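Results of the structural survey
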Amino acid sequence: MVTRRQFNQGMVAVALSGLATHLKAATLFSESATLTGNTQLIPDANGILDLPEGFSYEVISKLDDPMNDGLTVPDRADGMGCIPIDDKRVVLVRNHEIPLSKKAQLAQDKVQPSRVLKAYDTYASGLPLSGGTSSIVYNLQTREVEHQCMSILGTIRNCSGGVTPWGSWLTCEESVDKASDRIGKDHGYVFEVPATARELVDPEPIKAMGRFNHEAACVDPATGIVYLTEDRQDSLFYRYIPNIPGKLQAGGKLQALMVSGQPKFDTRNTKAPFIEEHQDYACEWLDLDNVDSPEDDLRHRGYAKGAALFARGEGIHFGTNEMYFCCTSGGKKELGQIMRYVPTPLTANQSSDEQTGSLSIFVESHSKATFNFGDNIALAPNGHLMVCEDQYSAIVDNHLRGVTPEGEVYDFAKVRWQTEPAGACFSPDGKTLFVNLYSPTLTLAITGPWQNLYG
């Protein structure tokens, strides 16, 4: 049982062409967390993003920009990962959450036969489905984009995902659309995009990771276990134990989290009995079967076996031995929670599927003014969490919120457009925060005095 809230050294460990890079931020969580504090934001003369003094942004990619493959940048930029290539350059793999109902956006004359063949799925007309990922090669020294292209095409609602320690991006479909007279294949899967992609790759769904309303993923570099969130009001928290770590297509076991001794535990806090922040609950994992779930009932069957419920699991971040994930509509006020899960260290004689852990609520919002519908999440070099808000109303008031190791929430940025920030991720050296504005697509590179942020 973990008794001290320690935000251990955040790490992005990527092995690519012999390169291993670590983003370091070592701090300790206090025993109590409060929702207080604001930084003063400077109004942006361009009317895009207000930031604290000393911080600035550059636009590096936007909707309809021409790309190297002859296509243009799609809309609805959501989750994104940053993967280093060498000591100068990174690849940003960016999701495009384009739903099936959205009219195909690729012009007929630009859809070459080779592109159709490399699309996961097409409409009955032969046009590829418009969802997928784009990849941006960005030079951190020159601050220039060196290459842009589509890297996966033909999927639906690529929402969030996660970077792997072996140099790829897991892109997740937030969809359970099935083959019909309109489209050719079932959807609701995770796909892997290598950082080396400079053109469309052949998309292969990792079916053993389950078919459900996927949101985000993160990998424990010590075990190769992939943790998965689900964007449903009655969602589960999953983990995938691959048969061969790093080889996700080689099959594995999908499980759902259960609070030990308390089957069907409800973390959502939307009705009594309520659970308090910072109270640790011992957890174990339940095996799931029929994970392709043709009836979209995986979460229902998992709950019937005793799995815990979560309110719209979304962005997730893994440090050296713990993870944080957002539950967008959880809490007494239904304004959002940040959960903390800590895997128990494995003993020499234990296998990965025997690993247990502990769960707690790290932050629960009690006011829209401080934290409202947290979505994508990242770790800043000063040890703070950066959370993208995803709340739509008549007048959108979305922010990037910082969360200190003590649980204090503050404004880091205010979006001036009628949209949400998404895909927050840091460069390996911790100097640049990349973030998307969802629609119309705008990808920004933010720099500033991170170590001096909020005190």
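Residues numbered from 1 in each chain as written. Predicted model: local features only at pLDDT ≥ 70, side-chain atom pairs only at ≥ 80, totals over all residues. Heavy atoms only, no water.

**Some points on the overall build of the chain**
- Looking only at helices and strands, the chain features 2 helices and 26 strands.
- Looking at the chain residue by residue over its 455 residues, the buried ones come to 60%.
- Sequence-distant contacts in the chain: of pairs separated by 6 or more residues, those separated by 24 or more amount to 62%.
- Total accessible area on the chain is roughly 16900 Å²; 49% of this is exposed by carbon and sulfur atoms. (Helix = DSSP H or I, 4+ residues; strand = E, 2+ residues; numbered from the N terminus. Buried < 20%, exposed > 50% of the residue type's maximum accessible area, 1.4 Å probe, protein only. Contact = heavy atoms within 4.5 Å. Areas by Shrake-Rupley, 256 points an atom, 1.4 Å probe, with all protein chains shown as cover.)

**With respect to helix α2 (residues 298-305)**
- Residues of α2 that are buried: Leu298, Arg299 and Gly302. Down the axis of α2, the buried side of the element spans an arc of 95°, and every buried residue falls inside it.
- On its buried face, α2 is in contact with β12 (226-230), β13 (238-242), β14 (252-259) and β15 (281-287).
- Just downstream of α2 lies Gly306, where phi reads positive at about 120°. (Arc of directions from axis to C-beta.)

**Focus on unusual backbone geometry**
- Cis peptide bonds are those with omega within 30 degrees of zero, and the linkage from Ala272 to Pro273 qualifies with 0°.
- Residue placement: Pro273 occurs in the loop between β14 and β15.
- A cis amide bond links Ser439 to the next residue, Pro440, at an omega of -5°.
- Following the sequence through the fold, Pro440 ends up in the loop between β25 (432-437) and β26 (442-447).
- Non-glycine residue Arg143 carries a positive phi angle of around 60°.
- With respect to the secondary-structure elements, Arg143 resides in the loop between β6 (131-139) and β7 (144-155).

**Focus on the pattern of salt bridges**
- A full pass over the atoms with the stated rule returns 23 salt bridges.
- One salt bridge in this structure joins Asp86 and Arg89, with 2.9 Å as the shortest N-O distance.
- Residue classification places Arg89 among the partly exposed positions, given a relative accessible area of 25%.
- Glu389 is the partner of Arg401 in a salt bridge, and the nearest nitrogen-oxygen pair spans 2.7 Å. Of this pair, Arg401 sits in strand β22 (residues 399-403) while Glu389 sits in strand β21 (residues 385-389), and the two are 12 residues apart along the sequence. (Salt bridge = Lys/Arg side-chain N within 4 Å of Asp/Glu carboxyl O.)

**Let's talk about the confidence of the model for the chain**
- Averaged over all residues, the pLDDT of the chain is 88; the fraction at 70 or higher stands at 89%.
- In this model, residues 1-37 is a region of pLDDT below 50 whose contacts with residues beyond four sequence positions or in other chains number 136 contacts. (pLDDT = per-residue confidence, 0-100.)

**Re the packing of aromatic side chains**
- Counting across every chain of the model gives 20 aromatic pairs.
- On the basis of an interplanar angle of 70° and a centroid distance of 6.2 Å, the ring pair of Phe237 and Tyr341 is categorised as edge-to-face. Of this pair, Phe237 sits in the loop between β12 and β13 while Tyr341 sits in strand β18 (residues 337-343), and the two are 104 residues apart along the sequence. Each member of the pair Phe237 and Tyr341 is classed as buried.
- The rings of Tyr227, Phe237, Trp285, Phe310, Phe318, Phe325 and Tyr341 are connected pair by pair, giving a single aromatic cluster. (Phe/Tyr/Trp six-rings, centres within 6.5 Å; stacked < 30°, edge-to-face > 60°.)

**Brief notes about the sheet that holds β22**
- Reading across the sheet, the 6 strands line up as β1-β2-β23-β22-β21-β20 and stay open at both edges, with antiparallel pairing between neighbours. With partners counted over all chains shown, the strands left at the sheet margins are β1 (41-42) and β20 (374-379), one partner each.
- Relative to β21, β20 runs antiparallel, the two sharing 4 bridges. Counterpart to Gly374 in the pairing with β21 is Glu389. (Pairing = 2+ DSSP bridges.)

**Re the environment of Phe237**
- In this structure Phe237 comes out as buried when scored by relative accessible area, which is 1%.
- In this structure, the C-alpha to C-alpha distance between Phe237 and Leu309, residues 72 residues apart in sequence, is 7.8 Å.
- Those residues in contact with Phe237 that sit more than four places away from it in its chain are Tyr227, Leu228, Thr229, Gln255, Ala256, Leu257, Trp285, Phe310, Ile316, Met323, Phe325 and Tyr341.

**Digging into the environment of Ile156**
- With respect to the helices and strands, the residue Ile156 is situated in the loop between β7 and β8 (158-163).
- Among the residues examined, Ile156 registers a relative accessible area of 1% and is labelled buried.

**Some words on the pairing of β18**
- The buried count for β18 comes to 7 of 7 residues, which makes it a mostly enclosed element.
- By the alternation rule, side chains of β18 split into Gln337, Met339, Tyr341 and Pro343 and Ile338, Arg340 and Val342, which are all buried.
- In this sheet, strand β19 (residues 357-364) lies alongside β18 in antiparallel orientation, the contact comprising 7 bridges. Each residue of the ladder has a partner; that of Gln337, found in β19, is Glu364.

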